[in-house]
Amino acid sequence: MATLLTVVSMAALGLGVGVRSLGNAGPKVITTVVLSLIVLGRVSLIAIWISGA
């Protein structure tokens, strides 16, 4: 559970990063950010589904 919360926190922090600075960071960082955002999106959808909203 702690790992999941860490990934969600990292993804949330990544939402405030500029796209240009991300492009300069390289492919490994871009891959990590994209995967983190996918995880954040899935966790959000699961939370909505569980809450019944």
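Small disclaimer: the values here were computed from a predicted structure and weren't measured.

**Student:** Explain the overall build of the protein to me, using residue names and the numbers behind them.
**Tutor:** When helices and strands are counted, the protein shows 3 helices and 0 strands. Here the protein holds 53 residues, and the buried ones make up 11% of them. Of the accessible surface of the protein, which amounts to about 4300 Å², a share of 73% is contributed by carbon and sulfur atoms.

**Student:** Provide a residue-level description of helix 3 (residues 27–51), including the pertinent values.
**Tutor:** Along its 25 residues, helix 3 runs 36 Å from first to last C-alpha, staying within 8% of the 36 Å computed at 1.5 Å per residue. Taken from the residues just after helix 3, Gly52 is the one with a positive phi, measuring 80 degrees.

**Student:** Could you give me a rundown of a nonpolar patch on the surface, with the residues and numbers involved?
**Tutor:** Among the surface-exposed residues, Ile30, Val34, Leu35 and Ile38 lie close enough to one another that they form a single nonpolar patch of about 320 Å² accessible area. Tracing the chain through its elements places Leu35 in helix 3.

**Student:** Explain the environment of Thr31 to me, using residue names and the numbers behind them.
**Tutor:** Inspection of the secondary structure assignment puts Thr31 in helix 3. Only 2.8 Å separates the side chain of Thr31 from the backbone oxygen of Pro27, close enough to count as a polar contact.

Quick notes on the rules
- Residues numbered from 1 in each chain as written.
- Predicted model: local features only at pLDDT ≥ 70, side-chain atom pairs only at ≥ 80, totals over all residues.
- Heavy atoms only, no water.
- Helix = DSSP H or I, 4+ residues; strand = E, 2+ residues; numbered from the N terminus.
- Buried < 20%, exposed > 50% of the residue type's maximum accessible area, 1.4 Å probe, protein only.
- Areas by Shrake-Rupley, 256 points an atom, 1.4 Å probe, with all protein chains shown as cover.
- Expected span 1.5 Å × (residues − 1).
- Patch = residues over 30% accessible without salt bridge, like charges linked within 9 Å, V, L, I, M, F, W, Y side chains within 5 Å.
- Salt bridge = Lys/Arg side-chain N within 4 Å of Asp/Glu carboxyl O.
- Polar contact = N/O pair within 3.5 Å; in protein donor to acceptor, adjacent residues only side chain to side chain.

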